[in-house]
Amino acid sequence: HDYESIFKETVLDEFTYPEKYLLELRRNVKQISHLQFYDLNSDIMGSIYNTLIENQEQHDRGQHFTNTNEVDIVNAFCINKETKTVLDSGCGAGTFLVRAYAFMKHFNKKAKHIELLERLWGIDIAPFPVFLASMNLSLLDIKEIDNYPAIINKDFADIKTKSYHDLIFHNHTTEFEINKKNGKFSSVRIPQFDACIGNPPYIRQELVERKDTWSSLVNSEHGLKRINQQSDLYVYYLMHTAAFLKEAGRLGYVISSSWLDVAFGAGLQKFLLDNFKIIAVIDNQKMRSFETASINTVILILEKCSDHEERQSNIVRFIRIYKDYKDLIGQSDSENRFDTVSKFTSQLEKTNKTVKNNDYFVTVRIQKQLEEESTTDGKYENGNWGAKYLRSPEIYNRIIDKAGDKLIPLRNVVDVFYGIKSGANDFFYVIDDTKEVKKLSDDEYKLQFGFDRSKHKISWEKFGWYYSELTKNHHLMERAYFQPLFKSQKEAENLEVNKKNLRYQVLICNES
Ligand SMILES: C[S@@+](CC[C@H](N)C(=O)[O-])C[C@H]1O[C@@H](n2cnc3c(N)ncnc32)[C@H](O)[C@@H]1O
């Protein structure tokens, strides 16, 4: 047994510990020796990944462990009996790969550990996740001698399709192309994959390094000349990953949901419409995927398809899940887990019309319709898929479906544009506190308005006592220049807005 990546020398081996630490270290080693290697499952590796990585690195590189339920749902959509090769291009602690291993083993009971290892490829830029992912996969069968997971420690932006990588690789299935051997290492050509799974790093555009490299990659791979500069890293990541996927292969991601609604998402939506059958977009309305990242995610399932007709007639499912996944697919270590999760995903995939029950609500759309809805004068604009199909009240889609072509977009008949933005809401928005005047003591009244209450000649019809959150003071001002402000949808209980319930008044003064 030869676990280089696990036992190779690191800085810790050169470190001399002061005497006083030795006792504690000895105690730790003793405790570790009681642990069973077999008990170290992917959830434990994941929590090591979540806790040991420094917060800053976690933030800069988008390192967040993905929960096993979502991983299994992605895998059940993407891996089947025929799946031979699987890639996770940002594998972290290796949860997707470990669970993919279990799925492949489930479908092919006779497959050997070493055969499965060479079919599951992972990439990660950071050495510690690579170490954890290697451990995670090796531990699945520590009796094997050739126990070398195919994990590459590189920036994904530097990995080209069909490029060669130095790995300890035995090519048991003899399906891989090996260029030359160099000692223990073979130079192996990265294959095209049947399934690409994972959850890409969430890194906001301001922090994306090497944007030019990413842009020229997606340009050479997909002919995309211009990617919206506001795009988060996951947009490039998905596009680059797609280049490693075989025709009819599946791509399954746990991915930030922002692209569904924000402007830069239009480019990604168009890319998906042009290259894939979009099988499902799944939003769990009961849970947040990442405790450590303040990000909302969805599960996105795609199938690569170069046939335009086939893509256009594909049925896209927008799915809202109402329960915790564990209540729908059981615990990750339950005996019939694979059957339960596969049954759940195939039930969703078979849904061809809008369905609602206690567990989920599926809205279906024909892919062609999705594209047409958001294309004006040949230009695709963001289709607001999140707002329309994952967050809108049920009645919205019922009305749209029923109305058919009786409804047209407002922009077809009038120019729709943003009004003027002042950028100074807290100056213009104030709270009418006139009713509080009555509660002032006589002294306070005099202090505020400069008159005794009884002598003050003022009409409260004409004037109001307005509180400004900017100055943190009240101001006496003419009512004529204020209008009630409907600032947020939350201020109305239904389609009617009761002006009396609105919090703010807005200053509108067009006199100089
Ligand atoms: C959200 S995490 C994946 C977590 C993983 N699914 C798990 O459960 O452990 C994203 C991973 O992408 C890696 N990453 C970020 N930028 C990368 C890049 N440019 N190339 C390769 N990996 C990268 C991070 O180090 C991180 O481990």
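Not measured: the values here are computed from a predicted model.

### Brief notes about the pairing of strand β13 (residues 360-366)
- Along β13, six of the seven residues are buried, which leaves the element largely enclosed by surrounding structure.
- Taken together, the two bridges between strand β12 (residues 355-356) and β13 define a ladder with antiparallel strand orientation. Bridge assignment links Val355 to a residue of β13, and that residue is Val362.
- Hairpin connection of β12 to β13: three residues between the antiparallel strands.

### Notes on the site of the ligand
- Near the ligand, the surroundings consist of 23 residues, among which Tyr49, Gln63, Thr95, Asp124 and Asp155 are the closest.
- In the environment of the ligand, a nitrogen atom lies 2.8 Å from a nitrogen or oxygen atom belonging to the side chain of Thr66.
- Here the ligand loses 98% of its free accessible area of 610 Å² to cover by the protein chains.
- Each residue belonging to the shell around the ligand can be placed in one class, and the counts come to ten nonpolar, nine polar and four charged.

### Considering a nonpolar patch on the surface
- On the surface, Val11, Leu12, Phe15, Tyr17 and Tyr21 cluster together into a nonpolar patch covering about 540 Å² of accessible area.
- Residue position: Tyr21 is located in helix α3 (residues 19-33).

### Considering the pattern of salt bridges
- Here the structure, examined in full by the defined rule, presents 29 salt bridges.
- When the shortest N-O distance is used, the salt bridge between Arg210 and Asp158 registers 2.8 Å. Linking Arg210 in the loop between β7 (193-198) and α10 (211-222) with Asp158 in the loop between β3 (150-152) and β4 (164-167), this pair joins segments that are 52 residues apart in sequence.
- When the shortest N-O distance is used, the salt bridge between Asp324 and Lys326 registers 3.7 Å.
- For Asp324, a relative accessible area of 23% translates into the label partly exposed.
- A relative accessible area of 37% means that Lys326 is categorised as partly exposed.

### Details of the environment of Ile190
- As for its placement among the helices and strands, Ile190 is situated in the loop between β6 (185-189) and β7.
- Among the residues examined, Ile190 registers a relative accessible area of 3% and is labelled buried.
- C-alpha separation for the pair Ile190 and Ser89, spaced 101 residues apart in sequence, amounts to 12 Å.
- With residues near it in sequence (within four places) discarded, Ile190 still touches Trp121, Ile123, Ile159, Lys160, Thr161, Lys162, Ser163, His165 and Phe244.

### Some words on the domain arrangement of the protein
- Segmenting the protein into domains produces domain 1 (46-406) and domain 2 (425-507).
- Using C-alpha coordinates to define each centre, domain 1 is positioned 52 Å away from domain 2.

What counts, and where the lines are drawn
- Residues numbered from 1 in each chain as written.
- Predicted model: local features only at pLDDT ≥ 70, side-chain atom pairs only at ≥ 80, totals over all residues.
- Heavy atoms only, no water.
- Buried < 20%, exposed > 50% of the residue type's maximum accessible area, 1.4 Å probe, protein only.
- Helix = DSSP H or I, 4+ residues; strand = E, 2+ residues; numbered from the N terminus.
- Pairing = 2+ DSSP bridges.
- Near = heavy atom within 4 Å.
- Polar contact = N/O pair within 3.5 Å; in protein donor to acceptor, adjacent residues only side chain to side chain.
- Areas by Shrake-Rupley, 256 points an atom, 1.4 Å probe, with all protein chains shown as cover.
- Nonpolar A, V, L, I, M, F, W, Y, C, P; charged D, E, K, R; others polar.
- Patch = residues over 30% accessible without salt bridge, like charges linked within 9 Å, V, L, I, M, F, W, Y side chains within 5 Å.
- Salt bridge = Lys/Arg side-chain N within 4 Å of Asp/Glu carboxyl O.
- Contact = heavy atoms within 4.5 Å.
- Domains from an automatic or database assignment.

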